[in-house]
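If you want the building blocks of each chain, they are given just below.
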Amino acid sequence: VYQISQATIKEKYLIDFHDHKDKNFRDMLYSPTTQISDVFKYVQQFEICTILSFLETSKNIFFTYNQNNSYHFVFTNKNTIKDIVIHQNPDKEFKFPITNDIDGGPFPIPFFADEIKFYSIVQPFELITVKEKILKSNAPGKNDLLNIINKITMTDNPVIAIMTPK
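All of the points below concern the structure found in this document. (Residues numbered from 1 in each chain as written. Predicted model: local features only at pLDDT ≥ 70, side-chain atom pairs only at ≥ 80, totals over all residues. Heavy atoms only, no water.)

Observations concerning the overall build of the chain
Within the chain, the secondary structure is distributed over five helices and nine strands. Written out in order from the N terminus, the α and β elements of the chain read β-β-α-α-β-β-β-β-β-β-α-α-α-β. Looking at the 166 residues of the chain, the share that counts as buried comes to 33%. Within the chain, contacts between residues at least 6 apart in sequence are counted, and of these 42% link residues at least 24 apart. (Helix = DSSP H or I, 4+ residues; strand = E, 2+ residues; numbered from the N terminus. Buried < 20%, exposed > 50% of the residue type's maximum accessible area, 1.4 Å probe, protein only. Contact = heavy atoms within 4.5 Å.)

Next comes the structure, spelled out in structure tokens:
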């Protein structure tokens, strides 16, 4: 994973999945003559994972990858190096195992991060669908979320979700 700034591009993280340590692949990545199509063909041929997103805060990393038609979501605390890995089989209903203990609402997949928080969106129909579950929860901020749910309709714009990992 590379860090890109206005002046430089530099290596920041190496993600080692322990299942494919091929010197030819590494050499290909660093060759100035390698075309992106060559990398895609190699990844598909040997079923190497594809990193779909990578977000970082000062304390946490969240990334998603696809391998063998299965999606994987990884949360890592940089201080404890403790990972939460969630595997999503496309044949099964997806249930995210991380709970929202603030308001009891759904846990959306983040798509942006700053130094402290992750950001995402929740579609109105998702909130309206889980209203009964939120009503039954003991989450301390559930009334704030219920106020939002009571003001939206299924066709409204998405709600921005701001997440602060513990």
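What to know about the side chain of S137
One can find S137 in the loop between α4 (131-136) and α5 (142-151). With relative accessibility at 18%, the residue S137 sits in the buried group. Separated by 3.4 Å, the side chain of S137 and the backbone nitrogen of A139 make a polar contact. (Polar contact = N/O pair within 3.5 Å; in protein donor to acceptor, adjacent residues only side chain to side chain.)

Quick word on the environment of K78
Within the secondary structure, K78 sits in the loop between β5 (70-77) and β6 (82-88). Linking K78 and N60, residues 18 residues apart in sequence, is a C-alpha distance of 5.5 Å. Once residues lying within four places of it in the same chain are set aside, the contact partners of K78 are Y13, E56, T57, S58, K59, N60 and I61. In this structure the side chain of K78 is engaged in a polar contact, spanning 2.6 Å, whose partner is the side chain of E56.

What is shown is where atoms sit, not what they do.
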